[in-house]
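Each chain, letter by letter, is given below.
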Amino acid sequence: MKICNTIADMRAACRAARSGGKRLGFVPTMGALHDGHLSLVRAARSSCEVVAASIFVNPTQFGPTEDFAKYPRAFERDCDMLEIEGVALLFAPSVEEMYPAGAVTWVTVEGLSDKLDGRSRPGHFRGVTTVVAKLFHIVAPDAAFFGQKDAAQVAIVRRMVRDLNLPVEIVACPIVREADGLAMSSRNAYLDPQQRQQALVLHRALMRVKKSWEGGERDAKKLGAEGREEFAAEKAVRLDYFEIVNPDTLDAANGAGAGALVAVAAFVGPTRLIDNILL
Ligand code: AMP
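Residues numbered from 1 in each chain as written. Predicted model: local features only at pLDDT ≥ 70, side-chain atom pairs only at ≥ 80, totals over all residues. Heavy atoms only, no water.

1. Remarks on the site of the ligand
Alright, step 1. Taken together, the neighbourhood of the ligand is formed by 17 residues, with Met30, Gly147, Asp150, Val176 and Met184 sitting nearest.
Alright, step 2. Here Gly147 contributes a backbone N or O atom positioned 2.9 Å from an oxygen atom of the ligand.
Alright, step 3. A distance of 2.6 Å is found between an oxygen atom of the ligand and a side-chain nitrogen or oxygen belonging to Asp150.
Alright, step 4. Relative to its unbound accessible area of 490 Å², the ligand is 92% covered by the protein chains.
Alright, step 5. Listing elements by their share of the shell around the ligand, those giving two or more residues are β2 (24-29), α2 (35-47) and β5 (143-147). (Near = heavy atom within 4 Å. Polar contact = N/O pair within 3.5 Å; in protein donor to acceptor, adjacent residues only side chain to side chain. Areas by Shrake-Rupley, 256 points an atom, 1.4 Å probe, with all protein chains shown as cover. Helix = DSSP H or I, 4+ residues; strand = E, 2+ residues; numbered from the N terminus.)

2. With respect to the nonpolar core
Alright, step 1. Membership of the largest hydrophobic core comes to 47 residues, with the highest contact counts inside it found for Met10, Phe136, Met160 and Leu250.
Alright, step 2. The element contributing the most residues to this core is helix α6 (residues 124-139), with nine residues.
Alright, step 3. Counting 26 residues, the second largest nonpolar core, distinct from the first, contains Leu182, Ala253, Leu273 and Ile277. (Core = buried A, V, L, I, M, F, W, Y, C linked by side-chain atoms within 4.5 Å. Buried < 20%, exposed > 50% of the residue type's maximum accessible area, 1.4 Å probe, protein only.)

3. Here's the deal with the sheet that holds strand β8 (residues 261-268)
Alright, step 1. With respect to topology, three strands assemble into an open sheet ordered β7-β8-β9, the strand pairing being antiparallel. With one partner strand each, in any of the chains shown, β7 (237-245) and β9 (271-278) form the two edges of the open sheet. Taken pair by pair, the neighbouring strands of this sheet meet at an average axis angle of 15°, ignoring direction.
Alright, step 2. For β7 and β8, the ladder comprises eight bridges, and the chain directions are antiparallel. Bridging across to β8, Phe242 finds its partner in Val264.
Alright, step 3. The strands that helix α9 (residues 200-214) touches are β7, β8 and β9; relative to β9, the one it contacts most, it runs at about 20°.
Alright, step 4. Docked against the sheet, helix α10 (residues 220-232) engages β7 and β8, running at close to 165° with respect to β7. (Pairing = 2+ DSSP bridges. Axes fitted to C-alpha atoms, helices over the stretch in contact; angles between N-to-C directions. Contact = heavy atoms within 4.5 Å.)

4. Examining the environment of Pro72
Alright, step 1. Considering the arrangement of structural elements, one finds Pro72 in the loop between β3 (50-55) and α3 (75-84).
Alright, step 2. Along the backbone, Pro72 and His37 are 35 residues apart, and their C-alpha atoms lie at a distance of 14 Å.
Alright, step 3. If near-sequence neighbours (up to four positions away) are discounted, Pro72 is found in contact with Ala32, Ser186 and Tyr190.

This is the structure:
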């Protein structure tokens, strides 16, 4: 696996990798990798001849009181994991390389960026779309692989790609979970054993809604209320949002038809976790 720290190096390596018409797949990450990330690499490998990944803890998507400084970093271990999975190129730039002094240009997907996580994390999605647009320009992949775990991110990146005519296919991959249902996340490392148990309420609430929906309930308000009720019983966890929305527009769904997105975010202690299901 070739590791590139500069934009010029990565650009040249990606150009060479694509030579002869090879299909290049790209998996952007913030590192501290787990099986969720590796599932994206595997999906990329299954449909692309060459796979590139990035590890960049992107400061512009963190709010001033969020966990940028303490976000888990495990670079050596991440490299080993990516190499074993067959990643050919890894981009691991510094913050200065990605954001030279004086950078003032942003990519904003208006409207969508203020919904779900964007409502409680102002500026978060502007940081995401700006860095993803930059990464797409550097790597120029044929396809980029994102986790459905970050459902709002998928919707927003898809809209950006459509609106800006970026020549990349966006592939969303299913959520990878621990055996007990907790969605894998780099932030799970913050949880102590008690919080790890409490965190299961996210999955429990989603499963309750799914069961009710499978039993025929289609009233989004009622389904949402059922999900929130699970949280009322788990006092240690503070609910941020529990919403049933259209997965493309992120607008509240009136009726919960097939394909509606049930999305949840909650604080377990200081740790903010997200999860979702598609009905
Ligand atoms: P992150 O490093 O948290 O920015 O995540 C990088 C990519 O991995 C994003 O596209 C995430 O949606 C995806 N991802 C994170 N956790 C999971 C998971 N449990 N299952 C599937 N994809 C995931």
